[in-house]
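The residues making up each chain are set out below.
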Amino acid sequence: MTELRFPAGFLWGTSTSPHQVEGNNANNDWWRWEQQPGRIRDASRSGDAAGWWAGAAEADLALAAAHHQSAHRLGVEWSRIEPHPGRFDEAAVDRYRAILTEARRLGLSTMVALNHFTLPLWAADAGAWTWRRLPARFESYARFCADRLGDLVDRWITFNEPGVLALAGYGARLWPPGLGRPDLMFAAMARMIMAHARARDAIRQRRPDAPVGLVFNMPLFEAHRPRHPLDRLAARLEDHAFNDLMLRALKTGTLPFPLARTPTRVRGLAGAFDFLGLNYYGRFASRFALMADTPISRHAQSPTTRTDWTDWGQPCPRGLTLQLLRLGKLGKPLFVTENGLFEDGDDRRPSFIVQHVRAVADAIALGADVRGYFFWTLVDNFEWAEGWSTPFGLFELDRDTGERRPRRSAHLYARICRDNGLSTETLDDFADALHDDTEG
Ligand code: BGC
């Protein structure tokens, strides 16, 4: 097979999020949630997480750089930076400056998210994303971060996966604030989109050249029975609610129903993003059913990656190509900001990586302007309501000793980063997996 090289300057990295790696984020809504019995599937807690706040960040970033990665996507934790409304913590700023400075020194381009699901307790107690004033608070936090960290940040992300947070925490009761109210799910999405526009504006006022984007998790929804009209309807509605509504709002500047009761124009929203990040894990096969996995469907994909609590869908590389092409129509640069697989060992992950990197190459060949790929994740970390039982890392974390052990995937991904794509050797090694990935 002929090698697949990516464009010069293409970024290769991994993604992390503050609450999942830092440890002891005791001042946010997730920490409080973890202390409540029954909230985390394996009853574990984030605890010290991967030890980043206490000092492990630098060594992990060095590991990434030594494995030929050229970028890292991380986040800053609002509850550390602004532990009380309007009171910012200089020590937290210093710690983030140290981490980001080290990333730069190691030659890693930095992509920094302002929000990756968590909220400071004061914001959670005021109503989380149902609180009308939260977008204004988010704006002031974004302005502060741009002022104090902006010289070390190459790209900003306002929100990671507003749709997932709205679904799990507002529509369902799986995550904080645990409301279980579909109407509030749409209200939360709307509020985060408005907060995004305000934050982007604030960052750009301080740093006119800083690219600011946001990240969507966009699974592929397809009819389980391809010709069945009700399955097709279910897939279309799920895609509309989960993938389409917020994109539409960003594109047109108007919140469509049901993000607002009647279509509502938001000042400064139309086109208010400089790039988009796509988090992609797989495909759902929607089979029409009332009040099953969703109000209108049961997810019937097979094989699937599902735990008792979370349905990540079926790995489906072709869906990554399709979603990149779809986002590409918005005319801005794209990044794959997450893509990965949980498993205890490392049997399927290597093929998964090669198949999905090829899917990105396909999207580029078909015209999508993809500038980077960030694997989820570098080192095993705290996986939200799943706790520690669903490891996603290139490196296995020994939680007793703190030791990082490379999985086979770590070496493979290093080779891909070094070669800026899939060499003939890599393609040959995975020829069978690449042949198989066309089904699904
Ligand atoms: C989230 C990550 C999470 C990953 C795997 C994404 O939805 O952004 O925080 O760990 O998926 O579930």
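You'll find the structure just up there.
Here is a short report on the structure shown in this document.

The rules behind these values
- Residues numbered from 1 in each chain as written.
- Predicted model: local features only at pLDDT ≥ 70, side-chain atom pairs only at ≥ 80, totals over all residues.
- Heavy atoms only, no water.
- Pairing = 2+ DSSP bridges.
- Helix = DSSP H or I, 4+ residues; strand = E, 2+ residues; numbered from the N terminus.
- Axes fitted to C-alpha atoms, helices over the stretch in contact; angles between N-to-C directions.
- Phe/Tyr/Trp six-rings, centres within 6.5 Å; stacked < 30°, edge-to-face > 60°.
- Buried < 20%, exposed > 50% of the residue type's maximum accessible area, 1.4 Å probe, protein only.
- Near = heavy atom within 4 Å.
- Polar contact = N/O pair within 3.5 Å; in protein donor to acceptor, adjacent residues only side chain to side chain.
- Areas by Shrake-Rupley, 256 points an atom, 1.4 Å probe, with all protein chains shown as cover.
- Nonpolar A, V, L, I, M, F, W, Y, C, P; charged D, E, K, R; others polar.
- Contact = heavy atoms within 4.5 Å.

### Points about the sheet that holds strand E16 (residues 370–375)
Strand pairing in a sheet is mediated by backbone hydrogen bonds. Such pairs are either parallel or antiparallel.
Then comes step 1: What the 8 strands build is a closed barrel, ordered E2-E3-E4-E5-E6-E10-E15-E16; its pairing is parallel. Averaged over neighbouring strand pairs, the angle between their axes works out to 25° when direction is ignored.
Then comes step 2: As judged from the 4 bridges shared by strand E4 (residues 109–115) and strand E5 (residues 155–160), these two strands associate in the parallel manner. Each bridged residue has a counterpart across the sheet, and for Met111 the counterpart in E5 is Arg155.

### Things to note about the packing of aromatic side chains
The description of two aromatic rings rests on the distance between their centres and on the angle between their planes.
Then comes step 1: Enumeration according to the criterion identifies 30 aromatic pairs in this entry.
Then comes step 2: On the basis of an interplanar angle of 75° and a centroid distance of 5.6 Å, the ring pair of Trp30 and Trp175 is categorised as edge-to-face. Of this pair, Trp30 sits in helix H2 (residues 29–34) while Trp175 sits in the loop between helix H8 (162–171) and helix H9 (182–206); the two residues are 145 residues apart in sequence, bridging distant segments of the chain.
Then comes step 3: When the centroid spacing of 5.9 Å and the interplanar angle of 75° are considered together, the rings of Trp129 and Phe138 count as edge-to-face.
Then comes step 4: The exposure class assigned to Trp129 is buried, which follows from its relative accessible area of 0%.
Then comes step 5: Judged by relative accessible area, Phe138 falls into the buried class, the value being 0%.
Then comes step 6: What links up through ring pairs into an aromatic cluster is the set Phe6, Phe10, Trp12, Tyr373, Phe375 and Tyr413.

### As for the site of the ligand
Then comes step 1: Close to the ligand lie 14 residues, the nearest being Gln20, His116, Glu161, Glu338 and Glu383.
Then comes step 2: Between the ligand and Glu338, the relevant distance is 2.7 Å, taken from an oxygen atom to a side-chain nitrogen or oxygen of the residue.
Then comes step 3: For the ligand, the protein covers 95% of the area, taking 310 Å² as the surface of the free molecule.
Then comes step 4: In the shell around the ligand, the residues fall into 6 nonpolar, 5 polar and 3 charged.

### Brief notes about the sheet that holds strand E12 (residues 297–299)
Then comes step 1: Within the open sheet, the 3 strands sit side by side as E7-E11-E12. Their pairing is mixed. The sheet is open, and its two edges are formed by strand E7 (220–223) and E12, each paired on a single side. Averaged over neighbouring strand pairs, the angle between their axes works out to 40° when direction is ignored.
Then comes step 2: Here strand E11 (residues 283–288) runs beside E12; their pairing, made up of 3 bridges, is antiparallel. Each residue of the ladder has a partner; that of Ser286, found in E12, is His299.
Then comes step 3: Along the sheet, helix H10 (residues 229–252) contacts E7, E11 and E12; its crossing angle with E7, the most-contacted strand, is approximately 165°.
Then comes step 4: Lying on the sheet, helix H11 (residues 317–328) is in contact with E7 and E11; it crosses E7 at an angle near 110°.

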